[in-house]
Amino acid sequence: MYKWQLDDLYVGYESEKFKSDWAKLKQFEEEFKQLTLEDNLEDIKAAVKFKEELLITARRIGSFISLTLSTNTSDETSTNYRGQFSKVMSELTKNQIILDRFLGSITTDITQDSELSDYTFAFNELKEEAMHLLDEDTEAVISKLDNSGASAWSNLHTYLTSTVETDVDGKTYTLSEIRNLAYDADQDVRKKAYEAELAMYDKIKDPVAFSLNNIKQQVLTTSSLRGYESPLDETLQQSRMNRKTLDSLMTAIQEYLPEFRRYLKQKATYLGHKNGLPFYDLFAPMGEASQQFSVEESGEYLVNHFRPFSDKLADLVQEFYDKNYVDFIPRKGKRGGAFCSNLPFIGQSRIMTNFDGSLSSVITMAHELGHAYHGSIIQAHKPLNWSYSMPVAETASTFNETLIMNDLLNNTDDEVEQLALIESLLQDTTQIIVDIYSRYYFETKLFEAKEDKFLFSQQLENLMKEAQLEAYGDGLDQDYLHPYMWVNKGHYYSAGLSFYNFPYAFGGLFARGLYTIYEEQPEGFVERYDELLKLTTVSSVEETAKAMDIDVTDVAFWQKSLDTFVNYIDQFEEITNKLMTTK
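Residues numbered from 1 in each chain as written. Predicted model: local features only at pLDDT ≥ 70, side-chain atom pairs only at ≥ 80, totals over all residues. Heavy atoms only, no water.

**Digging into the packing of aromatic side chains**
Considering all chains together, one arrives at 47 aromatic pairs under this definition. Pairing Tyr2 with Phe328 gives two aromatic rings, centres 6.2 Å apart and planes at 80°, and the pair type is edge-to-face. Taken together, the residues Tyr2 in the segment before α1 (16-33) and Phe328 in the loop between β3 (326-327) and β4 (339-343) connect sequence positions 326 residues apart. Look at Tyr10 and Phe18: their rings are 5.1 Å apart centre to centre, the planes differ by 85°, and that puts the pair in the edge-to-face class. The buried category is assigned to Phe18, whose relative accessible area is 1%. These aromatic residues form a ring-pair network of at least three members: Phe309, Tyr373, Phe399, Tyr515, Tyr518, Phe525 and Tyr529. Lying across the ring of Tyr10, Arg60 places its NZ or CZ 5.3 Å from the centre. (Phe/Tyr/Trp six-rings, centres within 6.5 Å; stacked < 30°, edge-to-face > 60°. Helix = DSSP H or I, 4+ residues; strand = E, 2+ residues; numbered from the N terminus. Buried < 20%, exposed > 50% of the residue type's maximum accessible area, 1.4 Å probe, protein only. Lys NZ or Arg CZ within 6 Å of the ring centre and 35° of its normal.)

**Thoughts on the environment of Thr57**
Here Thr57 shows up in helix α2 (residues 41-71). Put simply, Thr57 and Leu25 are 32 residues apart on the chain and 6.6 Å apart in space, counted from C-alpha to C-alpha. Once residues within four sequence positions are removed from consideration, Thr57 is found in contact with Asp21, Lys24, Leu25 and Phe28. Separated by 2.8 Å, the side chain of Thr57 and the backbone oxygen of Glu53 make a polar contact. (Contact = heavy atoms within 4.5 Å. Polar contact = N/O pair within 3.5 Å; in protein donor to acceptor, adjacent residues only side chain to side chain.)

**So, the pairing of strand β5 (residues 348-352)**
Across the 5 residues of β5, 5 count as buried, placing the element largely inside the fold. Every second residue of β5 is oriented toward a common face, with Gln348, Arg350 and Met352 on one face and Ser349 and Ile351 on the other, all of them buried. Sheet analysis places β3 next to β5, joined by 2 bridges and oriented parallel. Residue pairing in the sheet places Val326 in a bridge with Ile351 of β5. Bridge count for β4 against β5 is 5 bridges, and the pairing is antiparallel. (Pairing = 2+ DSSP bridges.)

Structural data, given as structure tokens:
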């Protein structure tokens, strides 16, 4: 009960459909040899068809394997197929590079063909990417060597952080269990957990430092070989975003950092601290949101709250609950957290969450359903137009959260509950604004330093503390910073995800800006919003935003989004000051 059904993908590994697709996947190597890559419409269409079929087959198989494993991590059959699947896809790398290079170099006007014209943006992207592709043999070698290079170092980081343990008051804890205690209602528990967490990192910091150094060195090497000015330049191209947009975003964030420091200092005062907020109380809960939901009640709640905004969104939510597209309940062998997997090749999505009945779990569902809604919009595109970039990936999900949170805040007069809601909102926002700024600062300085030296753990610790002070300022107690956040954040350990930090800030503030427009101009908003979501896969970030007449290169847009949080900080101060006088 409350488990998702994957039958629309495959009934199982022994099904005829899976066996047929698996055999088909292995045949792509031979089918590629039959292609003639000449610069004419016929060969171009054949190459595109090959890429489409490979994409659909690989995504269907890969999705089934990963979704099955996500709810049963010890599934032997899935684990074996995952290894075989990775090997097959690795062997197809060279062929895909040859195809991309071919499609990126054509001079034939594809707009004269009705089918190919839909891929105009994709072809332009391939042309840009082709300028940075090495020859196919070199790219294939880099892909294979990555298994014993950056990917291996990343696996070491994952292994060390997932296996390190500690004892607190006679009980053994893993790192994830210790970090969860940061949200405990007892301050003594939070402080002990913080101290234990730092001690756990101290055990593994040296090999993890080697991991980080070698991953970043590989990124610097491959980025330079491919002709990028820097890893950030490469990330911006992957993000379909220009530097002016990023600079405007960061300029606005810098301007508003004092406001978030004001919130942190007020929280510190409320919790009894005099020198700013110690890191162990950064996630301390405040107030009390007592609502509890069954799975069915969560569905009714979300449908009812989304209906005034969009029937289409509300109907999609109902469909997810009715058709078992969600895996709700935590159980042994199921991974933690939550995610949404879009499956446009079957016109569906799947959501995995670990629902516990709390309001927070309902908001998490709203978030993931936003991803599903986004997926329902983009599945109208052709296969090679199904992917959106990192900055816009969180648009619909964060917008959904904002819809729910604003409704909650507008419909409660209880100050203790208001405090819980506002604190939750500001806590989350501080992470995507202030902490993201510290991560961006850290990674920028790390790449600069890696140009000519190796950074040992102590140097990385000092750099992280410098980054936190740059972002949090006097909002944090300088005696209780977190010098090991470079160990904790897994995004630093992916060679393919450099600077996977600013997209969170972009997504959160972009969605907030959209919500402001919705409040000011509700008439016709949903239709324009849907059009914007559809554009995310076939336009740059800047062109996508223009669908709402937004100029993301203008600092003023980001300032207006950030302004909305100043009001919440004011409310937070007002409520906490009032409650402190009655203590």
